[in-house]
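Here is how the chains run, residue by residue.
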Amino acid sequence: MNRSFFEYLGVADSERMHSQTLAWILSEDFNAIDAHERSTLLQDIFGLPLPSKISEVNTEIDRIDILIQTENELIVVENKLKSCQHSDQLSRYLEHCELNHSDFSMKRFYFLTLINEQPQNDCWINISYASIYNSLKKLKLDKQNKNAIIFLEYLQYLESLTTIHQLFSENHQLYMTV
């Protein structure tokens, strides 16, 4: 498989790059999908009811990787690509959201990992890069849109990342240097 644009840039293994890219895809700035597709994506990844409209997407707000606001819901995503949970961060983010986002009647907390690490706090729901990949590849893309090129490069990298992880998980003895 050819290396993706992100691999050539040397940022493919950066947790921050993945958070920023996912936030961009969920934002209205990513205009290779329409509002219905974005709403369907929210439902597929996070189980939100249709129609759900995102009002704001931010990254790295008070150290929270991705913060998504809809009309009445707050979605918090903690992204772990090459590191594990530490320093009780999930509980701290939960407390932070309770104190600073009390205007949202519904708050959802998701723990995104490559290796299916389970969250240490029961309020967090595990999601995997494989499930993100499967949700993204279902999107009906306007392939004439310039944003589609970047999206397809990201999708190519996610496919490679999740395939390599699956192969490693199935037979890690083949990878003696890992």
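Reference entry: report on the structure contained in this document.

Cut-offs used in this document
- Counting restarts for each chain, with residues numbered from 1 along the sequence as it is written.
- pLDDT decides what is reported in this predicted model: residues at 70 or higher carry local features, side-chain atom pairs at 80 or more are listed and counted, and totals for whole chains, interfaces and linings draw on all residues regardless.
- No hydrogens and no water enter the side-chain calculation; it runs on all heavy atoms of the structure.
- Only protein chains enter the calculation, and the probe is 1.4 Å; a residue is then buried if its accessible area is under 20% of its type maximum, exposed if over 50%, and partly exposed in between.
- Counting from the N terminus, the helices are the DSSP runs of H or I reaching at least four residues and the strands are the DSSP runs of E reaching at least two.
- What the arc measures is the spread of directions leading from the helix axis to the C-beta atoms.
- Strand pairing is assigned whenever DSSP identifies at least 2 bridges connecting the two strands.
- A fitted line through C-alpha atoms serves as each axis, taken over the contacting stretch for helices, and the angle formed by two N-to-C directions is quoted from 0 to 180°.
- We call two residues contacting when some pair of their heavy atoms lies within 4.5 Å.
- Angle categories are assigned with fixed cut-offs, so that under 35 degrees is roughly parallel, over 145 is roughly antiparallel, 65 to 115 is roughly perpendicular, and the rest are oblique.
- Handedness of a crossing is defined here by the sense of rotation of the near helix relative to the far one, left-handed for an anticlockwise turn of less than a right angle and right-handed for a clockwise turn.
- Residues are grouped as follows: Ala, Val, Leu, Ile, Met, Phe, Trp, Tyr, Cys and Pro are nonpolar; Asp, Glu, Lys and Arg are charged; every other residue, Gly included, is polar.

Let us now look at helix H5 (residues 129–136). Regarding H5, the residues found buried are Tyr-129, Ile-132, Tyr-133, Ser-135 and Leu-136. Each buried residue of H5 sits inside an arc of 165 degrees when the element is viewed along its axis, so together they form one side.

The strand order E1-E2-E3-E4-E5 describes an open sheet built from 5 strands, whose pairing is mixed. Strand pairing shows two members of the sheet lacking a second neighbour, strand E1 (54–61) and strand E5 (124–128), which therefore form its edges. Shown here is a sheet whose adjacent strand axes are inclined to one another by a mean of 25 degrees, direction ignored. As paired strands, E1 and strand E2 (residues 64–70) are joined by 6 bridges and run antiparallel to one another. Across the sheet, the residue bridging to Thr-59 is Ile-66, located in E2. Against the sheet, helix H2 (residues 15–26) engages E1, E2, strand E3 (73–80) and strand E4 (106–113), with an angle of about 170 degrees to E1. Docked against the sheet, H5 engages E3, E4 and E5, running at close to 65 degrees with respect to E5.

Moving on, we come to the environment of Gly-47. Along the chain, Gly-47 falls in the loop between helix H3 (35–46) and E1. Here Gly-47 falls in the partly exposed class, since its relative accessible area comes to 47%. Note: C-alpha distance between Gly-47 and Arg-108 (61 residues apart in sequence) is 10.0 Å. Contacts of Gly-47, omitting those with residues within four sequence positions, involve Leu-42 and Arg-108.

Moving on to the pairing of E3. Extensive coverage of E3 is indicated by the burial of 8 of its 8 residues. By the alternation rule, side chains of E3 split into Glu-73, Ile-75, Val-77 and Asn-79 and Leu-74, Val-76, Glu-78 and Lys-80, which are all buried. Examined bridge by bridge, E2 and E3 share 4 bridges and lie antiparallel to one another. Each bridged residue has a counterpart across the sheet, and for Gln-69 the counterpart in E3 is Leu-74. Note that E3 and E4 share 8 bridges and pair parallel. Within the sheet, the bridge partner assigned to Ile-75 lies in E4 and is Arg-108.

Turning next to the packing of H3 against H5. Running from amino to carboxyl end, H3 crosses H5 at an angle of 155 degrees, the nearest separation of the two axes being 10 Å. By the criterion of interaxial angle, the relationship of H3 to H5 is roughly antiparallel. Remark: the crossing between H3 and H5 carries right-handed chirality. Every residue of H5 that contacts H3 at Leu-41, Asp-44 and Ile-45 is listed here: Ile-132, Ser-135 and Leu-136. When the residues that make up the contact of H3 with H5 are grouped by side-chain class, the tally is 4 nonpolar, 1 polar and 1 charged.

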